[in-house]
There are 4 protein chains.
Amino acid sequence: MSQPLVTVWNEFRHEKTNETIRKIYPKGIHTAIADGLGEHGIETLTATLDEPEHGLTDEVLDKTDVLIWWGHAAHGAVEDAIADKVKARVLQGMGLIVLHSGHYSKPFTRLMGTSCSLKWREAGEKERLWVIEHGHPIVEGLGEYFEIEQAEMYGEPFDIPEPDTLVFISWFPGGEVFRSGCCYYRGRGKIFYFRPGHETYPIYYDKNVRHVIANASRWAALGDAPVPVFGNAKPLEPLS
Amino acid sequence: MSQPLVTVWNEFRHEKTNETIRKIYPKGIHTAIADGLGEHGIETLTATLDEPEHGLTDEVLDKTDVLIWWGHAAHGAVEDAIADKVKARVLQGMGLIVLHSGHYSKPFTRLMGTSCSLKWREAGEKERLWVIEHGHPIVEGLGEYFEIEQAEMYGEPFDIPEPDTLVFISWFPGGEVFRSGCCYYRGRGKIFYFRPGHETYPIYYDKNVRHVIANASRWAALGDAPVPVFGNAKPLEPLS
Amino acid sequence: MSQPLVTVWNEFRHEKTNETIRKIYPKGIHTAIADGLGEHGIETLTATLDEPEHGLTDEVLDKTDVLIWWGHAAHGAVEDAIADKVKARVLQGMGLIVLHSGHYSKPFTRLMGTSCSLKWREAGEKERLWVIEHGHPIVEGLGEYFEIEQAEMYGEPFDIPEPDTLVFISWFPGGEVFRSGCCYYRGRGKIFYFRPGHETYPIYYDKNVRHVIANASRWAALGDAPVPVFGNAKPLEPLS
Amino acid sequence: MSQPLVTVWNEFRHEKTNETIRKIYPKGIHTAIADGLGEHGIETLTATLDEPEHGLTDEVLDKTDVLIWWGHAAHGAVEDAIADKVKARVLQGMGLIVLHSGHYSKPFTRLMGTSCSLKWREAGEKERLWVIEHGHPIVEGLGEYFEIEQAEMYGEPFDIPEPDTLVFISWFPGGEVFRSGCCYYRGRGKIFYFRPGHETYPIYYDKNVRHVIANASRWAALGDAPVPVFGNAKPLEPLS
């Protein structure tokens, strides 16, 4: 397919209040992610929490093929109505890529139906992501694994539905494993949860991470999909 | 395992207001379902919408291994807090069996994360349920298919997550198919969606339907399951 | 991605010996399938049973992104060594599309690991294929279902592994259902089983059938996939 | 259900020729596994490679609810006819538990349809098995993980079909992860691949390992399952 239009959503608060984070992401995490997609020829819009409607107006969403979600400390500040609109859009066909701490975001937890709880530890540990499904479009162009030198650990149990396709499993030196690349079909939409990322590590400048997010954006974009018809239905065959 | 304790929840309104329905289920649909479980040696409690807390007090839920949910016309009357409590209990390990029009109930749609929409038609059509996964405990004791002489049709598209195990697919004479037996793991809990049933057909007296509900009750009951530990975690291995 | 090169394999015997079949497929079923792919801009090679190595030389397979398999009456005439070579190629990344009676072919049964048995009836019945996973690339451009006016019935039970993604379920007027579009990841390869097709019905001229086969060819083609490394491995982290 | 009858199959060669191995398993690995099942009240038979028909006569298999397979160095010595018979029995409903190096056995590779290749290293490393699906009967009675102090490492990529249910993921200190508890439905049968075990470590005396094998034996045993009917079928509904 041709390239999707991707809207990168970011909470965009801690970059303004925390000097360490601002040094790493001076223009916000969303800008770093958008820049990475740009390297792969993908056009982007951005939207942030403190804009009206969190930047997710109907006009923006009408143009959006895939929405990327980064949130961390202010999940509760996302209005229910906006979270529900995002969820509805996904079921209608918009792709959704949820990054790292977005596991606890309203759109993701409502689409998963589970708590999305997990283990975590901030200790700057190495993460190694092993490819599990080699033929999946999201892993094209990678080696059999890739590493992130400093990451926040996320460990199992990860309270999610069993992924429709499990693409990555992560290893951490402290003894944990994690399903770190999870694909879901929901309604007409496709959802990809991708673990890497953190506000205090420069992970969204990483070449492999950017590569996966670009692959996932193309995978999650809807083509010319069938339109399901719900409701009261006449028989297609005569009833005797 | 020993037999689970099953709580049968019913909206229990149309049986009181509609003469046709009362004739079929004079003591309510919940009583017919509970009687069916009794034939299989399974003890039951019942709970209904118009009781305080919809009958789903903590005391009742603490005793409940598996909750069966029947609702149809009054999904909106179920309090959000009760629906959320049921969802939380399922993630903690309570089994849930959702019957027929319960596809639109609050607990089910919140656990699925999708719209759960479908096609339907009330024309007293025959339904034939084909067994798809022959080794699954829910189909023990059945033939390769069974039939219901008069049913409301439900047809695809059925907007649910792909089942973790698909146990039945239904055929209808008007030209439709339907994934009519769907198993899900969610959190520590197990969920079974089972299509048959309707308020104007005597389906919960059917021998095969009762058999499946009994099998599903045993399948959905939690054993001595591991307790997941979430949150900030110390490393299990020393970090270098 | 750019278009894949697809090799269409056909038993190509009954077209030579049966007048009815020859009238429908005068140049062989493989040519009709290849013509259909050509309409979608996809280049093809063809290969048939009675060529040396059944036409599946290393030279041909080296060029092949996706192999389409049609066989019916002469599955036993396929040499084990060729079947094993096809299987190995799929695990290495070649796409495989298995059509209709190819369910009993050596490459498919060896890759599935099950009997691949099913129910069948030749009575020129209508088949209706319902889309089950609306966001999947294989169903792009379709309506919510499509029909084939005259088909051989295939019915459940279909003894296959539960598909990694179930794309279509078929309805037949005689009372049967069938999982008629089944996607599998195997090794680095992708496999699509697609039910429609028969030697005595002009199904491979059907617009929708050709459309699905073209979509499936693009889906099944491997991109720049990671190369798994098996065998004795040095530790990536120092062992204490 | 009542307890299954389990037949434990062992290659039983290295225990006779290698002093280190004999010291750990003086009566053979099969006896240690059978003893473990006995602790859980499960009756067993045993069968070994060098018996006539490898001990897997029709008489034995007729009695067997679940077959446990241990093999390592002599997979090639298993006769094709016996491997095919085991595969056929599984599809007909016999449970199969494949342990550790049995990943390369003929019955398992034929049922999986993939190479079943993996990474490995013999360095006496710790293995930690994390529970992934907490509500599954195979993990009843465990904690959220358990450890084996000294194990041969197996690492991803593991060339298997995506499990129908993934029950355990293992962590190893050298940087690897592994899908170490994998459930499959195949035909009427159920298959569990379980990674732990090795001929030079006393793993089959481990309390948790024995516990899982007992749970898996009960899970894999067939109940009163529907009998699929294949072949030419009369219509269940009149064709117009």
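Look a little higher up for the structure.
Everything quoted here is computed from the prediction, not taken from an experiment. (Residues numbered from 1 in each chain as written. Chains lettered and ligands numbered in written order. Predicted model: local features only at pLDDT ≥ 70, side-chain atom pairs only at ≥ 80, totals over all residues. Heavy atoms only, no water.)

Below, the discussion takes up helix α7 (residues 207-220) of chain B. Residues and elements named next belong to chain B. If you check α7, its first and last C-alpha atoms are 20 Å apart, about what 14 residues at 1.5 Å a residue would give, namely 20 Å. Among the 14 residues in α7, 10 count as buried, and that is most of the element. Regarding α7, the residues found buried are Val209, Arg210, Val212, Ile213, Ala214, Asn215, Ala216, Ser217, Trp219 and Ala220. Between the side-chain oxygen at the start of α7 and the backbone nitrogen of Asn208 there is a gap of 2.9 Å, and the oxygen is on Asp206. (Helix = DSSP H or I, 4+ residues; strand = E, 2+ residues; numbered from the N terminus. Expected span 1.5 Å × (residues − 1). Buried < 20%, exposed > 50% of the residue type's maximum accessible area, 1.4 Å probe, protein only. Polar contact = N/O pair within 3.5 Å; in protein donor to acceptor, adjacent residues only side chain to side chain.)

Attention now goes to the relation of the copies chain A and chain B. Rotating chain A by 180° about the axis while translating it 0.0 Å along that axis superimposes it on chain B, leaving an RMSD of 0.0 Å. Overall, the copies show the geometry of a two-fold rotation axis. Among all residues of chain A, the one whose C-alpha sits closest to the rotation axis is Gly113 of chain A, at a distance of 2.4 Å. Counting the interface residues of chain A, we find that 100% of their copies in chain B are interface residues as well, pointing to one common contact surface. (Least-squares fit on C-alpha atoms with pLDDT ≥ 70 in both. Contact = heavy atoms within 4.5 Å.)

The next subject is the interface of chain B and chain D. If you look at the interface, chain B gives 34 residues, while chain D gives 34 residues. In total, chain B and chain D occlude about 2500 Å² of area from one another, counting both sides; carbon and sulfur atoms represent 56% of this. Area buried by chain B at its contact with chain D is led by His134, Tyr185 and Pro226 of chain B, which between them contribute 25% of it. Counting across the chain B and chain D interface gives four salt bridges. Between Lys126 of chain B and Glu237 of chain D there is a salt bridge; the shortest N-O distance is 3.2 Å. Our count for the chain B to chain D interface comes out at 10 residue pairs in polar contact (both at pLDDT 80 or more). Put simply, the parts of the chain that give the side of chain B that touches chain D at least two residues each are β5 (119-131) and β7 (165-171) of chain B. Looking at which element gives the most residues to the side of chain B that touches chain D, the answer is β5 of chain B, with four residues. Residues belonging to the side of chain B that touches chain D are distributed by class as follows: 16 nonpolar, eight polar and 10 charged. (Buried area = accessible area lost by both parts, 1.4 Å probe. Salt bridge = Lys/Arg side-chain N within 4 Å of Asp/Glu carboxyl O. Nonpolar A, V, L, I, M, F, W, Y, C, P; charged D, E, K, R; others polar.)

What follows deals with empty space enclosed by the protein. In the structure shown here, the tally under the stated rule is six cavities of 30 Å³ or more. Each pocket or cavity is described by its volume, and for the largest cavity that value is around 230 Å³. Around the largest cavity, the lining is made up of 16 residues, and of these Pro163 and Asp164 of chain A, Pro163 and Asp164 of chain B together with Asp164 of chain C lie nearest the centre. Along the lines of polarity and charge, the residues of the lining of the largest cavity split into six nonpolar, no polar and 10 charged. Here the second largest cavity is characterised by a volume of approximately 100 Å³. Lining the second largest cavity are Ile132, Glu133, Glu162, Pro163, Leu166 and Arg179 of chain A together with Ile132, Glu133, Glu162, Pro163, Leu166 and Arg179 of chain D. The class makeup of the residues in the lining of the second largest cavity is six nonpolar, no polar and six charged. (1 Å grid on protein atoms, 1.4 Å probe; cavity = no way out; pocket = protein on both sides within 12 Å on 5 of 7 lines; lining within 4 Å. Points joined across faces, edges and corners; volume = space filled by probe spheres on them.)

With that settled, the discussion passes to the relation of the copies chain B and chain D. When chain B is brought onto chain D, the operation consists of a screw motion whose angular component is 180° and whose axial shift is 0.0 Å, with 0.0 Å RMSD remaining. Of all interface residues in chain B, 100% are interface residues in chain D too; the two copies therefore contact each other through one and the same surface.

For the rest of this paragraph, the subject is the side chain of His103 of chain C. Residues and elements named next belong to chain C. Within the fold, His103 resides in the loop between β4 (95-99) and α6 (106-112). Looking at His103, the relative accessible area reads 4%, which means it is buried. Once residues lying within four places of it in the same chain are set aside, the contact partners of His103 are Val98, Phe108, Thr109, Cys116, Leu118, Tyr154, Phe158 and Tyr193.

Attention now moves to the interface of chain A and chain B. Interface size is commonly expressed as the accessible area that is lost once the parts come together. Across the boundary between the two partners, chain A contributes 38 residues, which contact 38 residues of chain B. Between chain A and chain B lies a buried interface of about 2900 Å² when both sides are counted; carbon and sulfur atoms form 59% of it. The largest contributions to the chain A side of the interface with chain B come from Trp120, Phe230 and Leu239 of chain A, which together make up 17% of the buried area. There are zero salt bridges connecting chain A and chain B. On inspection of chain A and its partner chain B, the count reaches 18 residue pairs in polar contact (both at pLDDT 80 or more). Elements with a minimum of two residues in the side of chain A that touches chain B: α5 (80-92), α6 (106-112), β5 (119-131) and β10 (231-232) of chain A. Its residues assigned to classes, the side of chain A that touches chain B comprises 17 nonpolar, nine polar and 12 charged. With two bridges connecting them, β10 of chain A and β5 of chain B associate as parallel partners. If you follow Gly231 of chain A over to β5 of chain B, its bridge partner there is Lys119 of chain B. (Pairing = 2+ DSSP bridges.)

This part covers the packing of aromatic side chains. The tally for this structure, following the rule as stated, stands at 54 aromatic pairs over all chains. Ring geometry for Trp9 of chain A against Trp69 of chain A: centres 3.9 Å apart, planes inclined by 15°, an arrangement best described as stacked. Taken together, the residues span a long stretch of sequence, with Trp9 of chain A in strand β1 (residues 5-10) and Trp69 of chain A in strand β3 (residues 66-70) at a distance of 60 residues. In terms of burial, Trp9 of chain A and Trp69 of chain A fall into one category: buried. In this structure an aromatic cluster arises from ring pairing among Phe108, Tyr154, Phe158, Phe178 and Tyr193 of chain A. Between Arg195 of chain B and the ring centre of Tyr154 of chain B, over which it is positioned, the NZ or CZ distance is 4.9 Å. (Phe/Tyr/Trp six-rings, centres within 6.5 Å; stacked < 30°, edge-to-face > 60°. Lys NZ or Arg CZ within 6 Å of the ring centre and 35° of its normal.)

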